[in-house]
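Report on the structure
Here is how the chains run, residue by residue.
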Amino acid sequence: MTQRFYVTTPIYYVNSSPHVGTAYTTVVADALARFHALRGERTFFLTGTDEHGLKLEREAQRKAMSPQAFVDEMSERFRDLWPKLLCRPDDFIRTTERRHEEGVQRAWQRCVDSGDIYLGSYEGLYCVACEDHKTEKELLEGNLCPVHGRPVERVTEQSYFFKLSAYGDRLLEFYKRNPTFVRPETRLNEVVSFVEGGLRDLSISRTSFSWGIPVPGDPKHVMYVWFDALFNYLTALAGTEREGALWPPDVQLVGKDILRFHAVYWPAFLMSAGYADDKLPRTIWSHGWLLTDGQKLSKSREGPSHGRGTTDPVRVADAVGADVLRYFLLREVSLGQDGEWSVPSLVSRARSDLAETVGNLLNRALPFAKHFDGRVPHAPAETLSDADRALEALAATAARDAAAAWAEPAPHRALEATIELARAGNRYFDESAPWRLAKAGDLARLAAVVSHVLELVRVVSVMLWPATPSKSDAIRAQLGLDPLAPRVDADLWPLAWGGLAAHTALAPGQPVFAKFDAQQQAQIFKELDVTTEETKPEAPAKAPKAAKPAEAKPAEAPPGPLTYEQLMATVDLRLAKVLAAERIPRKDKLLKLSVDLGEAAGPRTIIAGIALAYAPEALVGKQVIVVANLPPRDFGGGLVSHGMLLAAGPSDGLSLATFEKDHAPGTRVK
Ligand code: ME8
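The sections below set out a description of the structure shown in this document. (Residues numbered from 1 in each chain as written. Predicted model: local features only at pLDDT ≥ 70, side-chain atom pairs only at ≥ 80, totals over all residues. Heavy atoms only, no water.)

This paragraph deals with the sheet that holds strand β15 (residues 290–292). The mixed open sheet is built from three strands, whose spatial order is β16-β15-β17. The open sheet terminates on both sides in strands that have one partner only, identified here as β16 (295–296) and β17 (339–340). As paired strands, β15 and β16 are joined by two bridges and run antiparallel to one another. Note on β16: the bridge partner recorded for Leu291 is Lys296. (Pairing = 2+ DSSP bridges. Helix = DSSP H or I, 4+ residues; strand = E, 2+ residues; numbered from the N terminus.)

With that settled, consider the nonpolar core. Among the nonpolar cores identified, the biggest contains 176 residues, and Phe162, Ile204, Trp341 and Trp493 are the most heavily contacted of them. Top contributing element to this core by residue count: helix α17 (residues 443–464), with 13 residues. The residues that make up this core include at least three from each of domain 1 (4–287) and domain 2 (342–515). Aside from chain neighbours lying at most four places away, what touches Trp493 is Phe35, Leu38, Arg39, Ala399, Ala402, Ala403, Trp406, Val462, Met463 and Pro466. (Core = buried A, V, L, I, M, F, W, Y, C linked by side-chain atoms within 4.5 Å. Buried < 20%, exposed > 50% of the residue type's maximum accessible area, 1.4 Å probe, protein only. Domains from an automatic or database assignment. Contact = heavy atoms within 4.5 Å.)

Attention shifts here to the environment of Met74. Note on placement: Met74 falls in helix α3 (residues 67–84). For Met74, a relative accessible area of 3% translates into the label buried. Here the alpha-carbon distance between Met74 and Arg668, two residues 594 residues apart in the chain, equals 35 Å. Excluding residues that lie within four positions of it along the chain, Met74 makes contacts with Val14, Asn15, Ser16 and Ser17.

Time to look at the packing of helix α12 (residues 322–332) against helix α13 (residues 343–365). It is at 10 Å that the axes of α12 and α13 come closest, and there the two elements cross at 95°. The angle between α12 and α13 falls in the class roughly perpendicular. Of α13, the residues touching α12 (which contributes Val324, Leu325, Tyr327, Phe328, Arg331 and Glu332) are Ser345, Leu346, Arg349, Ala350, Asp353 and Leu354. For the contact of α12 with α13, the class distribution of residues is seven nonpolar, one polar and four charged. (Axes fitted to C-alpha atoms, helices over the stretch in contact; angles between N-to-C directions. Parallel < 35°, antiparallel > 145°, perpendicular 65-115°, else oblique. Nonpolar A, V, L, I, M, F, W, Y, C, P; charged D, E, K, R; others polar.)

In structure tokens, the structure reads:
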């Protein structure tokens, strides 16, 4: 039976233009859809815009426009952006479309029929930017919203309520039976504790403004924007063949800021509307944030990116190419973790992985085709060496690993495995020294080496395609291959060696990837507003030249001193304050710390092996230095560390690194 894969992004508020943070989720969704399409699955990728609510009504007023004219104009910006980033949604839903409004009204009626909607009166605090109610205890000092840092408003109004309180047990039961409903796992734990803490009924209509979907039978109420918005994932399919074929979604990508809506309200609404557990979404995937200087990059916090370059995805794509931007977002940020937005890091990544590893391998191999009439050489089995066979085996393993990582989904790991394979290809090239074979006239071995490198590049081009579709196709064009065109039920993933047939006419052309050398880097930094001192252009490691194989050298960056820019792009050290510390039963050496890095998401948990040197109470209030961009480390028994403290000395006489003066948590060490 044909496998199917339905993936969604949140529908974006259209109060301002998209930025690289918004682009992030859509790029991930597109890449996942492309991967599943390559495997022969029927894929469906949905995105769109969320156009109702007070925030948009006010923004339209501010612009002296009607809400409809305003959202029409803004929604267009989102719709137009995606092709520029090589994203190909199968549908783009707007909440102001008739199909959506009718679908949501039907869903509302079904919840009414289940007895879950009643009329009451609401009094409380509301953040207009979140379009969400807040409790006193969630707020920051000065009654500020913890997500947007803006004052909340006190509101009292008659409202319809959804009986969320009746769904606590059923939700907990559902999470227990479907432990991958929320991922990563740590996020599921947060959701479970939230629900275990008790659910209050949810106010789901408003009378204080009119820019929304009217409540059936009581049109002075408009629906709460989240009730309206969440159903988009269903209304986009409703009444078409797609509903039966594609429902429920396989992966719903959401930023961690909106996990609760998707992991608690959404399944509860669906349950109430009559959906059985096996018709609820399979996985809500909560990803981290792109940060600028430790802060969430967002529309309401727009501003300078601290010299690390513009956050406008169109400008970035124009300057470096959409493939490169996509590659950076997918490779640099581990899905589920936060990542820093930085044009200098993007340039270093593109240079080392794409130009100096993948592009270089192709450029080094192609010139040898002249010995074979410009075609892929034929290498009979008896001419193959152990090294050739080892390369084939390595490619098979890498293709399997990368496929598993994409399916996980863990794009960063899939791409790491892909680039690692291309690196192995460069090593194989160096060790096989084709230039010597050519000089010695050993055409049989030369054919084996060149055909192997070219086939390896083909394999890599497919493995990269979910991330860099147009560059993959450009590589394939030089290999004499057609662009990849996924078809349902045809698995194109390169699990088998030998897809590049002998005698295929090669078509060498311009290098597929820019070199991102010092001059290009300076130009990109200028175009993209990179201004920090730390980003002064550096001379990149000299790559081997394709045109002169005799001079070819290993393709990896030579060991040697790190530049300042490489250091800053690699290691993210932050000042942090210890908020709480405790011993861990049966772990004598470890302490569990709660540490403030100034992040909007709240403090991090860090497990540190410092219990022999520090009493927990001595640490509270202390300023420490944290390596902030390590992947989470699992110590077992539910202990996961989200960072590492810098320290020196023997374990019982250890001292923690700190600074003489106190600075704000999150300050970068430079
Ligand atoms: O919340 N890093 O819309 P929204 C990573 N309309 N992802 C980011 C990001 C960042 N800095 N900033 C935004 C809404 N995003 C609602 C959703 S769904 C039924 C309704 C991404 O415009 C991330 O996916 O505020 C986040 O969840 C989404 O944009 C929020 O977009």
